[in-house]
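Results of the structural survey
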Amino acid sequence: MSSFSIPTPSGSSAIPIVAPTSEKEPPKSPPSSKNLTANSKTRTCRNLIIHGYCKYEGKGCEFNHDLGKSTSPPNSPETNKSKLSVNSPVFKPSVLLSSIPPEVVNAPPFVPKSTQVNTPEEISVTPTSTTGSPQQKHYYDSGEQEYDNEMTLYEQTLGFYPPVPPPTPFLLSPGGVANHGLNALANSFASLGLNNATNFASNENSLSEVPSHMNNTSYFTTSHHLDPFLYQSQQALLPQPLQYHLYTSPLPHVSNLHPHQKTIHAFFMLDHLREELQRKNESTLKTVNAKDFNLPEELHVYHSLYPLDQRQEKSIKIFGYPSWVYKSVCSVDGRVYCLRRIEGFRLTNEIAMSTIENWRRIRHANIVSIREAFTTKAFGDHSLVFVYDYHPLSQTLFDKHFSSSSLQANNLPQSGGTGVVVPETVLWSYITQLASAIKTIHSSGLAARMIEPTKILSTNKNRIRINCCGIMDMLTFDGGKNIHHFQQEDLIHFGQLIISLACNSLSSVLNLPKSIDYISRHYSPDFKNVILYLLNKPTPTKSVDKVIAMIGPRILHEINSVHHYNDFLESELSQELENGRLVRLLCKFGFINERPEFDMDPSWSETGDRYLIKLFRDYVFHQVDENGYPVVDMAHVLMCLNKLDAGVDERIMLVSRDEQSCLIVSYKEIKNCIDSAFRDLSRRK
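Small disclaimer: the values here were computed from a predicted structure and weren't measured.

As a packed pair, helix α18 (residues 634-646) and helix α19 (residues 667-682) sit with axes 8 Å apart at the nearest point and diverge in direction by 75 degrees. One finds that α18 runs roughly perpendicular with respect to α19. Contact with α18, carried on its side by Cys640, Lys643, Leu644, Asp645 and Ala646, involves Tyr667, Ile670, Lys671 and Ile674 of α19 and no other residues of that element. Across the contact of α18 with α19, the residue classes break down as six nonpolar, no polar and three charged.

What follows covers the sheet that holds strand β8 (residues 456-460). Taken in spatial order, the three strands line up as β7-β8-β9 in an open sheet, and their pairing is antiparallel. If you trace the sheet from one side to the other, it starts and ends with β7 (395-396) and β9 (463-466), each paired once. Looking at chain direction, β7 and β8 are connected through two bridges and run antiparallel. Its bridge partner lying in β8, Gln395 is registered against Ser458. Along the sheet, helix α9 (residues 424-443) makes contact with β8 and β9, crossing β9 at roughly 30 degrees.

Counted by the stated rule, this structure contains 16 salt bridges. Put simply, Arg371 and Asp389 hold a salt bridge, and the shortest N to O gap is 2.7 Å. Separated by 18 residues along the polypeptide, Arg371 in strand β5 (residues 370-376) and Asp389 in strand β6 (residues 383-389) bring together distant segments of the chain. Exposure remark for Arg371: the relative accessible area of 29% places this residue in the partly exposed category.

Right, let's talk about the sheet that holds strand β1 (residues 298-299) for a bit. If you trace the six strands from one edge of the open sheet to the other, you get β1-β2-β3-β4-β6-β5, paired in antiparallel fashion. What marks the edges here is a single partner per strand, and that holds for β1 and β5. Pairing between strand β3 (residues 323-330) and strand β4 (residues 336-343): seven bridges, direction antiparallel. Among the inter-strand pairings, Val329 is bridged to a residue of β4, identified as Val336.

Right, let's get into the pairing of strand β2 (residues 302-307). The pairing of β1 with β2 spans two bridges and is classified as antiparallel. Counted as the bridge partner of Glu298 is His303 from β2. Where β1 folds back on β2, the antiparallel hairpin that results is connected by two residues, among which His300 adopts a positive phi of roughly 60 degrees. The pairing of β2 with β3 spans four bridges and is classified as antiparallel.

This part covers the pairing of β9. Sheet analysis places β8 next to β9, joined by four bridges and oriented antiparallel. Paired with Ser458 across the strands is Ile464, a residue of β9. Following β8, the chain reverses through two residues before pairing antiparallel with β9; Asn462 in that reversal takes a positive phi of roughly 60 degrees.

Below, the discussion takes up the packing of aromatic side chains. Taken as a whole, this structure holds 13 aromatic pairs when the rule is applied. Here Tyr302 and Phe374 contribute two aromatic rings whose centre-to-centre distance is 6.2 Å and whose plane-to-plane angle is 10 degrees, an arrangement assigned as stacked. Of the two residues, Tyr302 sits in strand β2 while Phe374 sits in strand β5, which places them 72 residues apart along the sequence. A residue is classified by how much of its surface remains accessible, and Tyr302, at 4% relative accessible area, is buried. Connected via pairs of aromatic rings, a cluster forms that spans Phe589, Phe616, Tyr619 and Tyr667. Its end group placed over the ring of Phe379, Arg341 keeps NZ or CZ at 4.1 Å from the ring centre.

Now for the confidence of the model for the protein chain. For the protein chain, mean pLDDT is 74; residues scoring 70 or higher make up 63% of the total. Contacts of residues 1-14 to residues separated by more than four positions or lying in other chains number twelve contacts, the stretch itself having pLDDT below 50. Across residues 411-418, confidence stays below pLDDT 50; counting only partners more than four residues off in sequence or on other chains, it has 18 contacts.

Cut-offs and rules
- Residues numbered from 1 in each chain as written.
- Predicted model: local features only at pLDDT ≥ 70, side-chain atom pairs only at ≥ 80, totals over all residues.
- Heavy atoms only, no water.
- Axes fitted to C-alpha atoms, helices over the stretch in contact; angles between N-to-C directions.
- Helix = DSSP H or I, 4+ residues; strand = E, 2+ residues; numbered from the N terminus.
- Parallel < 35°, antiparallel > 145°, perpendicular 65-115°, else oblique.
- Contact = heavy atoms within 4.5 Å.
- Nonpolar A, V, L, I, M, F, W, Y, C, P; charged D, E, K, R; others polar.
- Pairing = 2+ DSSP bridges.
- Salt bridge = Lys/Arg side-chain N within 4 Å of Asp/Glu carboxyl O.
- Buried < 20%, exposed > 50% of the residue type's maximum accessible area, 1.4 Å probe, protein only.
- Phe/Tyr/Trp six-rings, centres within 6.5 Å; stacked < 30°, edge-to-face > 60°.
- Lys NZ or Arg CZ within 6 Å of the ring centre and 35° of its normal.
- pLDDT = per-residue confidence, 0-100.

Written as structure tokens, this is what we have:
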């Protein structure tokens, strides 16, 4: 270390530090001063304060190197100095690292079995399940939604997230090293705290518990960890979130406008309708890796199978066999269909396949149409597969009215029967649609045999369809001998379904007197009479035609509601009619600008009216600011294109790229130039 000195002003108490020239030669004396010489033994070495050690300790340095004892007298100036003084002694631990045993240094890091936060109330946190443990459940393995026990804690008094274990990787493939790497990458990003704390409780002394995984209807997570669902290598069924709302809802103070004024929402369809259509398109395009779910790559003429029924335990109550539901794409017409597989069924009578032909002829708005049926061994067993039309985001009446989530949404216990959950107008709509479907089925000499809450789909707003038609005819093939008996059972099951919906309980059919009394107190007499007729014993004169005659006035109301809803959809469709005009305008730009040659003229796109179109293209897309940065302003682009499409008389100044010439033209003149150039390209000699 070369010698150095610190220049000090006159009268300063700082002492220059001078290193000796060699180890053998004594160090040079500092400037003669009795006070400095006397205090040098009590002052702490500056090298020790700055660097943590002094290279010349014991080799001629006269300053104090012992930090363990006091180096200044009680009345010295150093005692009276501030605690943050540069002359304050540096902290030095009493035990150095060299004294730590090697087995302690090489010990594995401590991993707590549970995450606990000590609060005044001693709040404890449930330990997180590890991957592969029995506590962890995948949501597609059961009918109900499951979450891991992992929670995120936010202490608002401290203003940060206490350390928590990283999120457990979800649905990792066996031996998937790449998947583990992506989860590690997600956890590393999660440490940055990308999410804000606005989603947590406002009480500063409370702790918020937020599940770390998303459910099947929400595409956003409130955890401060990045969600591993967003990585495509994961085997998760949840896709990336879509940006449904590209514009906000109208504000209250602009709701009352003049007749000539409009908000931006007047030019587009409603937010909820747009979101619903986008969610249906998204559901139609979902795919999974077939090997991860033990699914065949191809099944007959269908491929890209996607599991729709996510329950692991299959009930055999309805069909007598376990059944599975898949979404698939047909390689013949490219359309999406729904496949229902009956597991373990061996077809013994080939004539039973002919029953499907009668069902294929039925086309009704309240019946899920069947396309074909075939047997297969692609799943490793004898299976019977029925092909139906696919209705995305549909749910059964059981899931809509009797599941635990629907009961909780209406603040009702799971036993049901405590209030009018379904309005009478909705029930009349159900009765009208089911009666129309049953009328069509019975008129064709068939029986539905599927009037069950779990086999009736709700595909839209109060729009229901009878599903799984034709399955029981093939599973219990009898040649049509008992068709009249099955038709009578359809009417009885029809009445049981309506009374269950009205009483909000599936067990209401077990106590009919009490259920009828409840209906008579909450619904109209006509509604009760229809139910009593449907629940009567089978007679030769009992038919669905009598039911239709009883609900005649209600049918007129249903037709009126359908026509109103049709007018609403037509109105929303008209708002999207001209949304493609800007795209057509941009296509014309693409045909004209930078065209290499036309009509044996290589400079056609750079001369005449086309040169004006080129300058306008630069005006719209190639502007720069005062610093030379490109101007990327979507509002400017849309405003210019809308004015061009309308052909307004507003004038703008177009400047050439060399800034040697400028033109003042109107949008109307530019539009005429574009139309003229496009007609030249479209003509045929």
